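If you want the building blocks of each chain, they are given just below.
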Amino acid sequence: MCMEKLVDCPAALTTWSNRELVEQAGTQGVEILMWIAARGTLPEPARKLHGNYHIPISNTAAGLLLLEPAATGASQRRLPRQPELASKLTPASQS
């Protein structure tokens, strides 16, 4: 429910107070605020590229959602190559 709303109608998720989030989803429900903040960085509409939600038997559930602006084409999604940045991120033992 929540992950679909992040894609289709994120404003609907902003109607809950922090108290209501905790009542509905427990203390971990406050994590939804981080999802809403992340979604707020994208313009509307957004397009879902990938999503997964897994609930293991004895652990906390985990969700993954990959979105992009709906107007973005595949050629615009690629980041420019920055070899100088990559060299800074490579551990010294591997260079």
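Computed from a predicted model, the values in this text were never measured in an experiment.

A. How the structure looks around the overall build of the chain. Per the secondary structure count, the chain includes five helices and two strands. Along the chain direction, N to C, the helices and strands of the chain fall in the order α-α-α-β-β-α-α. A buried classification covers 17% of the 95 residues belonging to the chain. For the chain, restricting intrachain contacts to residue pairs at least 6 apart in sequence, the fraction spanning at least 24 positions comes to 45%. Of the roughly 7600 Å² of accessible surface on the chain, a fraction of 57% belongs to carbon and sulfur atoms.

B. Examining helix H3 (residues 31-39) more closely. Of the positions making up H3, those classed as buried are Ile32, Ile36 and Arg39. The arc enclosing the buried residues of H3, seen along the axis, measures out at 60°, which places them on a common side. Elements that come into contact with the buried residues of H3 comprise helix H1 (2-8), helix H2 (18-25), strand S1 (46-54) and strand S2 (62-69).

C. Structural detail: the environment of Pro45. With respect to the helices, strands and loops of the structure, Pro45 is situated in the loop between H3 and S1. Overall, the relative accessible area of 56% leaves Pro45 in the exposed class. Each C-alpha atom, one on Pro45 and one on Pro10, is 9.8 Å from the other, the two residues being 35 residues apart in sequence. Apart from residues no more than four positions distant in its own chain, Pro45 is found in contact with Arg39, Pro69 and Ala70.

D. Expanded view of the nonpolar core. Listed in full, the 10 residues of the largest apolar core are Cys2, Met3, Leu6, Val7, Leu13, Leu21, Ile32, Ile36, Leu65 and Leu67. If you list the elements that add at least two residues to this core, you get H1, H3 and S2. With residues near it in sequence (within four places) discarded, Ile32 still touches Cys2 and Leu21.

E. The arrangement of a nonpolar patch on the surface in detail. Where nonpolar side chains cluster on the molecular surface, the patch consists of Val22, Val30 and Leu33 and spans about 180 Å² of accessible area. Overall, Leu33 belongs to the partly exposed group, its relative accessible area being 34%.

F. Main features of the layout of surface pockets. There is about 630 Å³ of room inside the largest pocket. As for the largest pocket, its lining consists of 22 residues, and the residues nearest its centre are Cys2, Met3, Ile32, Trp35 and Tyr53. With four residues, H1 is the largest single contributor of residues to the lining of the largest pocket. Taken together, the residues of the lining of the largest pocket break down into 13 nonpolar, six polar and three charged.

What counts, and where the lines are drawn
- Residues numbered from 1 in each chain as written.
- Predicted model: local features only at pLDDT ≥ 70, side-chain atom pairs only at ≥ 80, totals over all residues.
- Heavy atoms only, no water.
- Helix = DSSP H or I, 4+ residues; strand = E, 2+ residues; numbered from the N terminus.
- Buried < 20%, exposed > 50% of the residue type's maximum accessible area, 1.4 Å probe, protein only.
- Contact = heavy atoms within 4.5 Å.
- Areas by Shrake-Rupley, 256 points an atom, 1.4 Å probe, with all protein chains shown as cover.
- Arc of directions from axis to C-beta.
- Core = buried A, V, L, I, M, F, W, Y, C linked by side-chain atoms within 4.5 Å.
- Patch = residues over 30% accessible without salt bridge, like charges linked within 9 Å, V, L, I, M, F, W, Y side chains within 5 Å.
- Salt bridge = Lys/Arg side-chain N within 4 Å of Asp/Glu carboxyl O.
- 1 Å grid on protein atoms, 1.4 Å probe; cavity = no way out; pocket = protein on both sides within 12 Å on 5 of 7 lines; lining within 4 Å.
- Points joined across faces, edges and corners; volume = space filled by probe spheres on them.
- Nonpolar A, V, L, I, M, F, W, Y, C, P; charged D, E, K, R; others polar.

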